[in-house]
Each structure stands twice: as structure tokens, then as C-alpha cells.
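Take a look at the letters that make up each chain.
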Amino acid sequence: MEPDGGTTEAPRRPGFLYLFIRTVVAPIARLVYRPTVIGRKNVPRTGPVILASNHLSFIDSVAIPLMAPRRVQFLAKSHYFTGTGFKGAISRAFFTAIGAVGVERGAGQAAQDALDQSKRILDTGAAFALYPEGTRSLDGRLYKGRTGIAWLALTTGALVVPVGLVGTNELQPVGTRVPRVRPITITFGKPIDLTHYGSADSGRARRQATDEVMAAIHALTGQELANKYNEAPPSTTVERVRRALPHERL
């Protein structure tokens, strides 16, 4: 049993659809879209590793698993797995094949539950991808990182590989269903060991470790820095006051 009460399950063996995507779909995608992929050798081939990326488009969650040198898992909205009928079955099969794991999104306990699920994945020795910004950047700027990335790294001891995506917002802009043929670049940076920051229980350690990861991502993308969290405008006075007070975002 794990400290959070969950169990660590052995990773599932890749199924036929995953192998088909890796051996057939990925080469075709490279031929059609001709992405520039830099630094694949920086991704450790074994052991737990966190791929921490900027987030510009829905297609990011397809591009990273297709172009990484090993199987990558990541959390995705639960509704991709709960649809009914033929469309629902196709959605489940596709997202499962590319390494997605369904989870309820949200703040507070929902955010911690997602982190606990992420930890269980890393405890199997898997490669796990996440977006420290939390959600897509609609204006192309790089937003402040949430400290869940540091909690995971400091709790599991996993190395963090920063990932820089450039051009995916042009490949598939928000609101479009079919990717366009546009040049994109995916850069896998050198692994970062964050354990020297100390315990995952320290808010200071989590903040400093997260800031190092975001600085590494910024060095790969050159995006303008937003210097704030990527959040929807507060809808109530209570929420406006809460955000004005210093508090940690997971």
C-alpha cells in the first residue's frame, strides 16, 4: 500500500492499438507534418520520469506520446472515457492507446486526487507527462507553474525532463478538429534532478523546484512570460478575494 492509501499496480502491457499507432501512425505523422524533434536522447529509457511541457493546443497530448522515445502516460479529462455508443468506444480506445488515464479535473481535493493518481503511475516506473501551467495558454504566453509538478518529483524522486513545444497552436488552433499542416518543434531538454530542494512537505521547496522547471521550459520555447497563473476570471467576490491572498496552486 502507498502512503496515500492507493495501490501501485504494474503498468499494463501495450495493446495492439498502441503498437499500431507507434509503428504505423507515428511514422505517417512524421512524414506528413515533418515535426522537428530535438533531444530525444535526453529522455531516460527506463525508470520514472516526468515530462513537463508548456501547453498550447489539444494536439500537444498527441504529439508528445508520438514523438517521445518511450511510452508516455498522462492524465486526461474523464469524459474522454465515459462516452457511449460507437463514438464513445473510439474515444476510449484512442486515448487509452496513447497512454491517457481518465481523471476528474478540479481544484482542492480533486487536484490532490489527480496528483495521487499521477504518483501511482510514476511508482510503476513509467514516463508521465504533465503541463505545469494547468491548462492551455490561449494567448501564447508561458504562465506560472503550479507546484504539483514539484510535489510529484520530490515525492517520487523522478527526474524531470522539460519539454518545449513551438507551433502546435498553429497546427491545431483552439476550436479546430482537424490538424493543419504547419511546422512544429518539440524539444526534450536535459533531465533535472529536483531532490536537492528538500522535502515535498516544504512549500518553499515546491515553489523553488517548480520555478526551476518553468525556467527550463522557457529556455526551450522563448515564450513571453505571463508572470501569473492561467486561470479564468473570478466569478464571485469571494473568489476574487481568495486569489488576492497568497496561496498555493497545485
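Each chain carries its own residue numbering, running from 1 in the written order of its sequence. Local features in this predicted model are restricted to residues of pLDDT 70 or higher, and side-chain atom pairs are both shown and tallied only at a pLDDT of 80 or more, whereas totals for entire chains, interfaces and linings draw on every residue. Excluded from the side-chain calculation are hydrogens and water; included are all heavy atoms of the structure.

Trainee: I tried to follow the confidence of the model for the protein chain on my own but got confused; where do I start?
Mentor: The predicted coordinates should not be examined in detail at positions where pLDDT is low. Scored by pLDDT, the protein chain has a mean of 89; 93% of the residues are at 70 or more. Confidence scores labelled pLDDT are given residue by residue by the predictor and lie between 0 and 100. Contacts: residue pairs with any heavy atoms within 4.5 Å of one another. For the stretch residues 1-10, pLDDT sits under 50, and the model shows 15 contacts to residues farther than four places along the chain or on other chains.

Trainee: Just checking my understanding: could you explain the packing of helix α4 (residues 109-122) against helix α5 (residues 148-156) for this structure?
Mentor: In a pair of packed helices, the angle between the axes and the distance between the axes together describe the arrangement. Lines fitted to the C-alpha atoms define the axes, with helices restricted to the stretch that makes contact. Angles between their N-to-C directions range from 0 to 180 degrees. Think of it this way: any DSSP run of H or I at least four residues long counts as a helix, any run of E at least two long counts as a strand, and we number them from the N terminus. For the pair α4 and α5, the least separation of the axes is 10 Å and the interaxial angle reads 40 degrees. Taken together, the axes of α4 and α5 lie oblique to each other. Both α4 and α5 take part in a crossing whose hand is right-handed. Residues Q112, L115, D116, S118, K119 and L122 of α4 form the contact with α5, whose own contacting residues are G148, W151, L152, T155 and T156. Under the scheme applied, nonpolar residues are Ala, Val, Leu, Ile, Met, Phe, Trp, Tyr, Cys and Pro; charged residues are Asp, Glu, Lys and Arg; polar residues are all the others, including Gly. A per-class count over the contact of α4 with α5 returns 4 nonpolar, 5 polar and 2 charged. Here the angle decides the label: under 35 degrees means roughly parallel, over 145 means roughly antiparallel, 65 to 115 means roughly perpendicular, and every other value means oblique. We call a crossing left-handed when the near helix sits turned anticlockwise from the far one by less than a right angle, and right-handed when that turn is clockwise.

Trainee: Would you take a moment to explain the pairing of strand β5 (residues 127-130) for this structure?
Mentor: For a regular strand, side-chain orientation follows a simple rule: the groups alternate between the two sheet faces. Note on classification: 1.4 Å probe, protein chains only; a residue is buried when its accessible area is under 20% of the maximum for its type, exposed when over 50%, partly exposed between these limits. The alternating pattern of β5 places A127 and A129 on one face and F128 and L130 on the opposite face, and all of these are buried. What makes two strands pair is DSSP finding at least two bridges between them. Two strands pair when backbone bridges link them, and strand β2 (residues 49-53) and β5 are joined in this way by 4 bridges, in the parallel orientation. The partner of L51 across the bridge, within β5, is A129. Pairing of strand β3 (residues 72-77) with β5, which is carried by 3 bridges, proceeds in the parallel orientation. Bridging from a neighbouring strand, Q73 pairs with F128 of β5.

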